[in-house]
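Residue-level listing of the chains:
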Amino acid sequence: MRSENGEPHIGKVMTVFGARGGIGKSTIATNVSAVIAQHTDASVLVMDMDTRFGDVAMLLNVEPTYTVADLASHPGDLTPELFRQSLVAHESGAYVLAAPVA
């Protein structure tokens, strides 16, 4: 991805991972992302990659229109604009790409 002036955009990735469910991965990820978004001018995106039990959207109280599964099901159609349209803004300033809704 390129910035507005054409330079490559360099970002940072933080992963919250656990080997089993119920240990607080989603809670940590949502809280950290909200704090970073509130206290910096960085763009923050939370991608919920738990396609079976993801609950980031519920924890942040946002209603997704599209999910990570929607984007993954048509990889040839994915454009930067479609990706941006798939994100939901949270009141903290963070953006969410939600897991599929069960």
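For the structure, see preceding data.
J.: Run through unusual backbone geometry, naming residues and quoting values.
T.: One non-glycine residue, N61, lies in the positive phi region at around 55°. By secondary structure assignment, the location of N61 is in the loop between α2 (56-59) and α3 (68-72).

J.: If you had to explain helix α1 (residues 25-39) to someone new, which residues and values would you point to?
T.: Across its 15 residues, α1 extends 21 Å between first and last C-alpha, which sits within 8% of the 21 Å expected from 1.5 Å per residue. Of the residues making up α1, those classed as buried are S26, A29, T30, S33, A34 and A37. For α1, the arc enclosing every buried residue in end-on projection is 120°, short of the 170-degree limit, so these residues lie on one face. Every exposed residue of α1 that faces more than 90 degrees away from the buried side is listed here: Q38 and H39. Here the buried face of α1 lies against β1 (45-47) and α2.

J.: Give a description of the pattern of salt bridges that names residues and reports values.
T.: Pairs can form between side chains of opposite charge whenever their charged atoms are close. Per the counting criterion, the structure on display carries 1 salt bridge. When the shortest N-O distance is used, the salt bridge between R84 and E81 registers 3.8 Å. Remark: E81 and R84 occur in helix α4 (residues 80-85); sequence separation between them is 3 residues, near one turn of the helix.

Thresholds, definitions, all that
Residues numbered from 1 in each chain as written. Predicted model: local features only at pLDDT ≥ 70, side-chain atom pairs only at ≥ 80, totals over all residues. Heavy atoms only, no water. Helix = DSSP H or I, 4+ residues; strand = E, 2+ residues; numbered from the N terminus. Expected span 1.5 Å × (residues − 1). Buried < 20%, exposed > 50% of the residue type's maximum accessible area, 1.4 Å probe, protein only. Arc of directions from axis to C-beta. Contact = heavy atoms within 4.5 Å. Salt bridge = Lys/Arg side-chain N within 4 Å of Asp/Glu carboxyl O.

Remember, this is a structural readout, not a statement about activity or role.
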